[in-house]
Amino acid sequence: MTSRSARIERNTLETQIAVAINLDGTGRAVFSTGVPFLEHMMDQIARHGLIDLDVTAKGDLHIDDHHTVEDIGITLGQAFAQAVGDKKGLYRYGHAYVPLDEALSRVVIDFSGRPGLVYDVKFPRGAIGRFDVDLFREFFQGFVNHAGVTLHIDNLKGSNAHHIAETIFKAMGRALRMAVAQDPRMAGMMPSTKGTL
């Protein structure tokens, strides 16, 4: 099987980001970003997606976390776009419902080649620790735009902001695991009637 891995570096005046992924990994994750709560969330993607994920970032955290979080999403999206390759044999679609105590979230993804984010999440407070919850949308928007995926994220229930965030990222990992898996019945075929994605 061809290696489904990628390493992407993105350098701007605001951030320097490096992301390495292996879609056929074991869930190993290594992070050095200066944004610990985002690291905790990305660890959920790696563990529940069985995706090896290595993310290093240096950003203008003295201002706030915005540029770093958004640019990590962008770079992660670029890495996924490269790692899935031509998408032949891909299941393409993935979905997951994940609960955590009172919280329940649903994530549905399509490696469609068309960026689109529908994000229906209302947090009960503006920050988890020092992490601004508005930045989750920025992370996913950056990911979607550069991975070329359609992504629906819905929080269905929840009153604890940490639990809500964790269900979203766990569901994201599970949905990605399903979508990037290789379908033996579709081997060598494009999962689209258009013949391209």
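Keep in mind the model is a prediction, meaning the values are calculated, not measured.

What counts, and at which threshold
Residues numbered from 1 in each chain as written. Predicted model: local features only at pLDDT ≥ 70, side-chain atom pairs only at ≥ 80, totals over all residues. Heavy atoms only, no water. Pairing = 2+ DSSP bridges. Helix = DSSP H or I, 4+ residues; strand = E, 2+ residues; numbered from the N terminus. Axes fitted to C-alpha atoms, helices over the stretch in contact; angles between N-to-C directions. Contact = heavy atoms within 4.5 Å. Core = buried A, V, L, I, M, F, W, Y, C linked by side-chain atoms within 4.5 Å. Buried < 20%, exposed > 50% of the residue type's maximum accessible area, 1.4 Å probe, protein only. Expected span 1.5 Å × (residues − 1). Polar contact = N/O pair within 3.5 Å; in protein donor to acceptor, adjacent residues only side chain to side chain.

Details of the sheet that holds strand β3 (residues 29-32)
Spatially, the 4 strands line up as an open sheet ordered β1-β2-β4-β3, and their pairing is mixed. One side of each edge strand has no neighbouring strand; the edge strands of this open sheet are β1 (5-11) and β3. Taking the axes of each pair of neighbouring strands and ignoring which way they run, one obtains an average angle of 0° across the sheet. Two elements, β3 and strand β4 (residues 52-59), share 4 bridges in a ladder whose sense is parallel. Paired with valine 30 across the strands is aspartate 54, a residue of β4. Relative to β3, helix α1 (residues 36-49) is tilted by about 160°, and along the sheet it contacts β3 and β4. With respect to the sheet, helix α2 (residues 66-84) is in contact with β1, β2 (15-22) and β4, its orientation differing from that of β2 by roughly 35°.

Regarding the nonpolar core
Counting 60 residues, the largest nonpolar core has Ile21, Phe80, Phe123 and Phe136 as the members making the most contacts within it. Looking at this core element by element, the count peaks at 11 residues for helix α4 (residues 161-180). Here isoleucine 21 is in contact with Arg4, Ser5, Ala6, Ile51, Asp52, Leu53, Leu76, Ala79, Phe80 and Ala83, once residues within four sequence places are set aside.

Looking at α1
Here α1 spans 20 Å end to end across 14 residues, near enough to the 20 Å set by a 1.5 Å rise per residue. Within α1, the full set of buried residues consists of Phe37, Leu38, Glu39, Met41, Met42, Gln44, Ile45, Ala46 and Gly49. The positive-phi residue at the C-terminal boundary of α1 is leucine 50, with phi of around 50°.

Topic: the side chain of aspartate 65
Mapped onto the elements, aspartate 65 comes out in the loop between β4 and α2. Classification of aspartate 65 as buried rests on a relative accessible area of 7%. Engagement of the side chain of aspartate 65 in a polar contact is seen with the side chain of arginine 130, the distance being 3.3 Å. Once residues within four sequence positions are removed from consideration, aspartate 65 is found in contact with Val35, Arg130, Phe131 and Leu135.

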